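Residue strings, one per chain:
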Amino acid sequence: MERTLFLNERAGLRVRRDGPSLWIEQPGSAGSRVPVRLIRRVLIAGNVALDAESLTAFAERGVPVTLVGRNGQAVAMVVSCASGLCVRRGLQIGAMDHPSGRERISAWLRAWERGRRLALAARLDSATAARWRCLGVRTVDYEQWVQRLGHQLGATPRQRRLLHAAVSTLILDRITERGWDPHIGAVHHGEPLGFVKDCAMAIRADTDRLWLEQRRLAPHSEVALSRDVAECFERHRPRLARLLDRLLDQYGSLLQEL
């Protein structure tokens, strides 16, 4: 069964490659062995002692790695040069070479973003959802609404950033698995990992749903990547993966039409 490996800064934690596995040592417990073949994506928060051979093992298997700062913000994403082989890259380039094609894809992504925002509002705040249906919803309105709800529920901005980092890693995994180039975006055209950012934008509200609905998230955790955040992501990962697959299926069909 596929796994997300979460590595959080901790005194004495060391990770090294041992043949086809990782050997993980931490104070107060026996070392543990994790076969690399079971790892699908990796999040590393803070200063973790990880040997270069472990990173090589991830790259050989096309496993994306996200590096997260102590504030919970994703600061870098590492993916193999050959990951997914970008077999569909030509379709993406062909669409982005024409302004009309890029505009159509951008409009479709924005429609996804609006739809997912309305779905979240309808679930949590029917009055706001009704207002947005009539008047539309700007990004600034959505952000103010989400942050206000998060404050009321005691959910911290760092938890939100961590969940978004985890979901972006899942997005990179799904994109490369299907052979798309993660850098060829429409809304984020010309930016590194532009297509990852496009998809993260489209389902941002679904990531925020995790943050707003998970009351069990510890609000004052001392560690950068708390166990509650990791468990929350893993619990909802299958649903998010199905949503992403639907998004990517529609993306492929749209490119075929252009």
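See the structure above.
The structure presented is a predicted model; accordingly, all values stated were derived computationally and were not measured.

Analysis parameters
- Residues numbered from 1 in each chain as written.
- Predicted model: local features only at pLDDT ≥ 70, side-chain atom pairs only at ≥ 80, totals over all residues.
- Heavy atoms only, no water.
- Pairing = 2+ DSSP bridges.
- Helix = DSSP H or I, 4+ residues; strand = E, 2+ residues; numbered from the N terminus.
- Contact = heavy atoms within 4.5 Å.
- Axes fitted to C-alpha atoms, helices over the stretch in contact; angles between N-to-C directions.
- Buried < 20%, exposed > 50% of the residue type's maximum accessible area, 1.4 Å probe, protein only.
- Arc of directions from axis to C-beta.

Student: Help me get a handle on the sheet that holds strand β4 (residues 32–35), residues and values and all.
Tutor: Through backbone hydrogen bonds, the strands of a sheet pair up, either in parallel or in antiparallel fashion. Pairing in this open sheet of four strands is mixed, and the strands run β4-β3-β2-β6 from one edge to the other. Either end of the sheet is taken by a strand with one partner, and the two such strands are β4 and β6 (49–50). Strands in contact with helix α1 (residues 52–60) are β2 (14–18), β3 (21–25) and β6; relative to β2, the strand with the most contacts, it is inclined by about 60 degrees.

Student: Help me get a handle on unusual backbone geometry, residues and values and all.
Tutor: In the Ramachandran plot, Leu193 falls in the positive-phi region, its phi being about 55 degrees despite a non-glycine side chain. Relative to the assigned elements, Leu193 resides in the loop between α6 (157–177) and α7 (194–202).

Student: Can you break down the pairing of β2 residue by residue, with the values?
Tutor: Two elements, β2 and β3, share five bridges in a ladder whose sense is antiparallel. Note on β3: the bridge partner recorded for Asp18 is Ser21. Here β2 hands over to β3 after two residues, with Gly19 in that stretch at a positive phi of 65 degrees. Here β2 pairs with β6 via two bridges, running parallel. Paired with Val15 across the two strands is Leu50, which belongs to β6.

Student: Tell me about helix α2 (residues 89–96), and name the residues and values.
Tutor: Along α2, the residues classified as buried are Gln92, Ala95 and Met96. The buried residues of α2 occupy an angular sector of 95 degrees when projected down its axis, which confines them to one face.

Student: Hey, could you go over the sheet that holds strand β7 (residues 65–68) for me, with residue numbers and the actual values?
Tutor: Judged by pairing direction, the sheet is mixed, and its four strands sit side by side in the order β1-β5-β7-β8 without closing on themselves. The strands lining the two open edges of the sheet, one partner per strand, are β1 (3–8) and β8 (74–78). Neighbour-to-neighbour, the strand axes of the sheet open up by a mean angle of 15 degrees, direction not taken into account. For strand β5 (residues 39–45) and β7, the ladder comprises four bridges, and the chain directions are parallel. Considered in β7, the bridge of Val42 is made with Val65. Docked against the sheet, α6 engages β5, β7 and β8, running at close to 150 degrees with respect to β5.

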